[in-house]
Amino acid sequence: MTEHTWKINILLIILIMVGLISCTSDESAQSSKKAEIISREEIGFFQATQTVSVATMQSLLTSKEPTPIPTSYTDTGQAITIKGYDLYNIDPLVATGTDQMIAYVTMIGLTRVDSETGETGSGLAESWEISEDGLTWTFHLKDDIPWVRYNPETGKVEHVKTGGQVRKVQADDIVYGINRILDPANKSTNASLLINLIAEQAEDATGVHQYAIKSLDAKTLEIKLVEPVSYFDALAELPIMSSQPEWLIIKNGDDWMGTGVFQGYGPYIIKEWDDDEYLTLIKNPYWVGTESIPEARINTISLVLSSSGDPLLDFSNNRTDFVLLSSNDIDGAKQNEAINQYMESNIHSCVRVLGFNTNLSPVDSPRLRQALAMSIDQQAILNLYDSDYQPAQCLMMPGSRGAPAVNEIADMGIQYDLEAARKMLDKFYVSPADVPEIEIVVPSTSSSKKLANEIRRMWMDNLDLQVKVSDYSSVKFSEMLGSDTPPMVWLNSFCLDYNDAGNLFYYELFRNSVRASSRGWQNMALLSITDQILKENEIEKRTELYIELEENIKSENVYLVPLFWFSSTHLVQPHLVYSLPVVDGLVQFEKWYVEK
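In this convention, every chain numbers its residues from 1, walking through the sequence in written order. Reporting of local features is limited, given that this is a predicted model, to residues whose pLDDT is at least 70; pairs of side-chain atoms are given and counted only at 80 or more, and all residues count toward the totals for whole chains, interfaces and linings. Side-chain calculation: all heavy atoms of the structure are included, whereas hydrogens and water are not.

> Residues and numbers for the overall build of the protein chain, please.
Starting at the N terminus, helices and strands are each numbered in turn, a helix being any DSSP run of H or I of at least four residues and a strand any DSSP run of E of at least two. Summing up its helical and strand segments, the protein chain has 19 helices and 26 strands in all. Across the 596 residues of the protein chain, 60% fall into the buried class. By the convention used here, residues are in contact when the closest approach between their heavy atoms is within 4.5 Å. Put simply, 74% of the contacts in the protein chain that link residues at least 6 apart link residues at least 24 apart. Only the protein chains shown count as cover for residues, and all accessible areas are computed by the Shrake-Rupley method using a 1.4 Å probe. Carbon and sulfur atoms form 47% of the exposed surface of the protein chain, whose accessible area is close to 22,600 Å². When a residue's accessible area, from a 1.4 Å probe over protein chains only, is under 20% of the maximum for its type it is buried; when over 50% it is exposed; and in between it is partly exposed.

The structure is reproduced here in structure tokens:
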């Protein structure tokens with residue numbers, strides 16, 4: 001998990017403020033790995049329709065049951081149109097979030113985590129072994145995966161051939177792809193996901209860093225890790241762990257994923273891409289379907305970018321099958337009786353949190369932090385947003401692998417209890433006036449400032465404390481948060497990069513001793529729990545450890561206070577059967593189909 005999953009830069013913020021765009025990021029924003037994540041309602045990306053109870057959250061993550069098809073629907077089911085996503089750079093080198101949707105289905109990774117069950121199945125690898133010490137992962141590749149391309153001249157998907165022979169995916173292609181991500185010269189914004197995991201070897205004669213990734217033969221890949229990471233199989237499904245075409249990248253440079261050029265091997269292939277209007281995926285007839293990644297059931301998927309046309313009108317006229325609604329369109333969809341019945345919401349992979357630097361007075365007192373946490377009314381915070389954001393009982397999002405079931409988290413952590421909060425202050429302080437002023441630091445976005453001022457109001461009105469809010473540019477805020485002296489109290493969002501709850505706890509929060517120390521979070525009990533998690537291969541046992549870790553950081557030490565989980569809202573035609581992942585961008589389009 002990273003605090004920088006959504007990259008935001010100054011240009012993007014300016015564009016958002018003047019209402020010129022309604023998207024999550026831009027290509028230039030990919031360069032800032034530590035930028036604060038702007039709330040979805042502010043950037044016009046994720047909004048919701050109605051409050052959904054916690055008890056129903058799990059059902060929101062599963063496939064939707066088909067309803068009767070309107071008699072006006074005449075499509076054969078061979079093509080669908082999706083609207084509302086924006087794509088900037090789909091190269092695995094930099095692609096995150098929705099950008100990686102394309103690479104995810106055209107250049108699959110080593111594994112595949114089922115978006116509904118959380119079970120790990122085969123991707124490029126049909127099997128793998130982990131050494132006894134947990135440091136060496138050996139992947140055995142399928143031997144029947146050909147490289148293909150869409151030929152615009154023939155209108156067909158064709159094999160890629162070398163010397164007259166069909167080129168097959170080999171271990172060397174994956175070694176090249178991972179090293180391409182890790183090579184500092186390529187400035188990959190995704191390198192941080194691997195740089196602290198994969199063992200680094202001595203520099204070669206040219207001074208280039210070498211990593212412990214090698215092909216033992218054409219179908220066997222070996223990766224050595226710095227320390228055991230039991231959930232490495234979840235990270236292994238990302239496009240950064242895919243096979244990448246060295247021959248094509250060398251020849252075409254940054255244009256290697258363009259129309260008529262791209263070569264891939266997944267269940268879908270890029271047919272055409274107009275940067276400003278649409279991207280079309282076409283079924284790969286040469287993909288050998290597996291239980292984890294079946295043969296695609298929809299021949300053509302057209303992604304119409306959000307800036308094109310009227311989404312509500314297009315949906316009403318059956319020109320689109322699936323629409324990701326922006327904040328600008330939600331009210332209109334609610335008020336349109338013809339389409340509001342087709343609105344659906346899904347819990348998303350990001351959580352909004354309040355954090356403390358426990359090295360700084362007065363929040364170096366765990367009792368004060370507990371009182372502050374108990375005085376935060378989550379429902380009042382949710383009332384700030386026209387959404388179905390859900391109160392977050394823990395950091396782990398429902399539906400992420402290893403996260404506890406909804407009924408197991410209802411009472412987790414510190415609950416809202418003003419009376420208890422006041423009694424705690426009375427017990428440890430003569431009067432609230434004895435507590436030094438508390439400063440909440442946030443980025444200069446309207447959403448962050450609105451949230452911070454609401455928390456400030458709660459602490460001042462309910463606890464009689466002195467509180468101020470300070471805001472800085474997103475770049476400056478990110479620098480402050482990652483510095484040796486982070487802010488006393490801060491607001492940020494954390495997002496899953498891959499589908500395992502351990503992603504929330506690994507390097508950024510508690511395994512990075514420098515960051516943990518600067519925030520006052522260095523704790524032997526926490527390190528002991530994370531050590532156990534990293535070595536525990538059974539998901540059920542890891543879940544118990546995840547819960548123990550959450551209780552430690554929320555109830556005992558109160559390093560973080562989860563506020564709410566984000567959600568997304570869609571219009572979905574009743575003939576489309578789909579499922580969405582908890583992790584943004586890992587959409588398994590090959591499992592979607594049209595119910596006739």
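> Would you mind going over the pairing of strand 6 (residues 148-151) in detail, with residue names and values included?
Where strand 6 and strand 7 (residues 156-159) come together, four bridges link them in antiparallel fashion. Bridge pairing in strand 7 places Val 148 opposite His 159. Strand pairing follows a simple DSSP-based rule, namely that at least 2 bridges must link the two strands. Here strand 6 folds back onto strand 7, and the loop between the two strands holds four residues, one of which, Gly 155, carries a positive phi near 70 degrees. Relative to strand 14 (residues 263-264), strand 6 runs antiparallel, the two being bridged by two bridges. Looking at the pairing, Arg 149 lines up with Gln 263 of strand 14.

> I'd like a rundown of the state of the cysteines, residues and numbers included.
Each disulfide consists of one covalent bond between the sulfur atoms belonging to two cysteines. The disulfide criterion is simple: two cysteine sulfur atoms within 2.5 Å. For the structure on display, the rule yields one disulfide. Note that Cys 350 is cross-linked by a disulfide to Cys 495, the S-S spacing being 1.9 Å. Looking along the S-S bond of the Cys 350-Cys 495 disulfide, the torsion reads about 105 degrees, which is the right-handed sense. Here Cys 350 is found in strand 19 (residues 343-356), whereas its partner Cys 495 is found in strand 23 (residues 489-495), with 145 residues between them in sequence. Taken individually, Cys 350 and Cys 495 each receive the classification buried, so the pair is uniform in this respect.

> Give me the nonpolar core: which residues, what numbers.
Grouped together as the largest cluster of nonpolar side chains are 124 residues, with contacts concentrated most on Leu 110, Ile 223, Phe 232, Met 241, Leu 281, Phe 589 and Trp 592. With seven residues, the single largest contributor to this core is helix 4 (residues 171-182). The residues touching Leu 110, leaving out its near neighbours within four places in the chain, are Ser 122, Gly 123, Leu 124, Ala 125, Phe 139, Leu 141, Ile 174, Leu 221, Ile 223, Ala 236 and Met 241. By nonpolar core is meant a set of buried Ala, Val, Leu, Ile, Met, Phe, Trp, Tyr and Cys residues that side-chain atoms within 4.5 Å join together. Core analysis: the next-biggest nonpolar cluster, separate from the first, contains 40 residues, Ile 381, Leu 463, Val 558 and Val 561 among them.

> Residues and numbers for the side chain of Ser 122, please.
As for its placement among the helices and strands, Ser 122 is situated in strand 3 (residues 120-122). Given a relative accessible area of 13%, Ser 122 falls into the buried group. Polar contacts, as counted here, are pairs of nitrogen or oxygen atoms within 3.5 Å of one another; within protein the pair requires one atom able to donate a hydrogen and one able to accept it, and residues that are adjacent in sequence qualify only if both atoms are side-chain atoms. Within the local environment of Ser 122, its side chain forms a polar contact with the side chain of Lys 142, the two groups lying 3.3 Å apart. Filtering out sequence-adjacent residues up to four positions away, Ser 122 remains in contact with Leu 110, Thr 111, Arg 112, Trp 128, Lys 142, Thr 290, Ser 292 and Ile 293.

> Please set out the sheet that holds strand 4 (residues 125-130) residue by residue, giving values where relevant.
Here four strands make up an open sheet; going across it, the order is 4-5-13-12 and the pairing antiparallel. Each of the sheet's edge strands pairs with one partner strand only, and the pair in question is strand 4 and strand 12 (213-217). Each neighbouring strand pair of the sheet contributes to a mean axis angle of 25 degrees, computed without reference to strand direction. Note: strand 4 against strand 5 (residues 136-141), five bridges, orientation antiparallel. Counted as the bridge partner of Ile 130 is Trp 137 from strand 5. In this analysis, axes come from line fits to C-alpha atoms, helices being fitted only over the stretch in contact, and the angle between any two N-to-C directions falls in the range 0 to 180 degrees. Set on the sheet, helix 4 makes contact with strand 5, strand 12 and strand 13 (220-224); between it and strand 12 the angle comes to about 175 degrees.

> Account for the sheet that holds strand 6, naming residues and giving values.
Strand order in the open sheet formed by three strands is 7-6-14, with antiparallel pairing between adjacent strands. Edge positions in the open sheet fall to strand 7 and strand 14, since each of these has one partner strand only.

> Can you break down the pairing of strand 19 residue by residue, with the values?
Counting buried positions over the 14 residues of strand 19 gives 13, a clear majority of the element. The pairing of strand 19 with strand 23 spans seven bridges and is antiparallel. Looking at strand 23, one finds that Leu 354 is bridged to Leu 491.

> Let's hear about unusual backbone geometry: which residues, and what values?
A cis geometry characterises the amide bond from Ser 361 onward to Pro 362, with omega recorded as 5 degrees. Relative to the elements of secondary structure, Pro 362 occurs in the loop between strand 19 and helix 10 (366-374). One non-glycine residue, Asn 318, adopts positive backbone phi at about 60 degrees. For Asp 464, which is not glycine, the phi torsion reads 60 degrees and is therefore positive. Relative to the assigned elements, Asp 464 resides in the loop between helix 14 (446-463) and strand 22 (467-472).

> Got a sec to walk through the side chain of Thr 358? Specific residues and values, please.
With respect to the helices, strands and loops of the structure, Thr 358 is situated in the loop between strand 19 and helix 10. Note on Thr 358: relative accessible area 10%, which makes it buried. In this structure the side chain of Thr 358 is engaged in a polar contact, spanning 2.6 Å, whose partner is the backbone oxygen of Gly 520.

> Tell me about the environment of Ser 365, and name the residues and values.
With respect to the helices and strands, Ser 365 occurs in the loop between strand 19 and helix 10. Distance from Ser 365 to Asn 557, taken between C-alpha atoms, is 9.4 Å for residues 192 residues apart in sequence.

> Can you break down helix 4 residue by residue, with the values?
By definition here, a helix of n residues has an expected span of 1.5 Å times n minus one. The end-to-end C-alpha separation of helix 4 is 17 Å, in line with the 16 Å expected for twelve residues at 1.5 Å each. For helix 4, the buried fraction is high: ten of the twelve residues fall into the buried class. Three or more residues of helix 4 are buried, namely Ala 171, Asp 173, Ile 174, Val 175, Tyr 176, Gly 177, Ile 178, Arg 180, Ile 181 and Leu 182. Packed against the buried residues of helix 4 are strand 5, helix 5 (192-195), strand 11 (210-211), strand 12, strand 13 and helix 7 (246-252).

> Would you mind going over the packing of aromatic side chains in detail, with residue names and values included?
When two rings of Phe, Tyr or Trp (its six-membered ring) have centres within 6.5 Å they constitute a pair, described as stacked for plane angles under 30 degrees, edge-to-face for angles over 60, and tilted for the intermediate range. Counting across every chain of the model gives 20 aromatic pairs. With a centroid separation of 5.3 Å and 50 degrees between ring planes, the pair formed by Phe 322 and Trp 592 is classed as tilted. With Phe 322 in strand 18 (residues 322-324) and Trp 592 in the loop between strand 25 (576-577) and strand 26 (593-594), this residue pair connects regions lying 270 residues apart in the sequence. For the pair shown, Phe 322 and Trp 592 are each scored as buried. With 5.2 Å between their ring centres and 80 degrees between their planes, Tyr 389 and Phe 566 make a pair best called edge-to-face.

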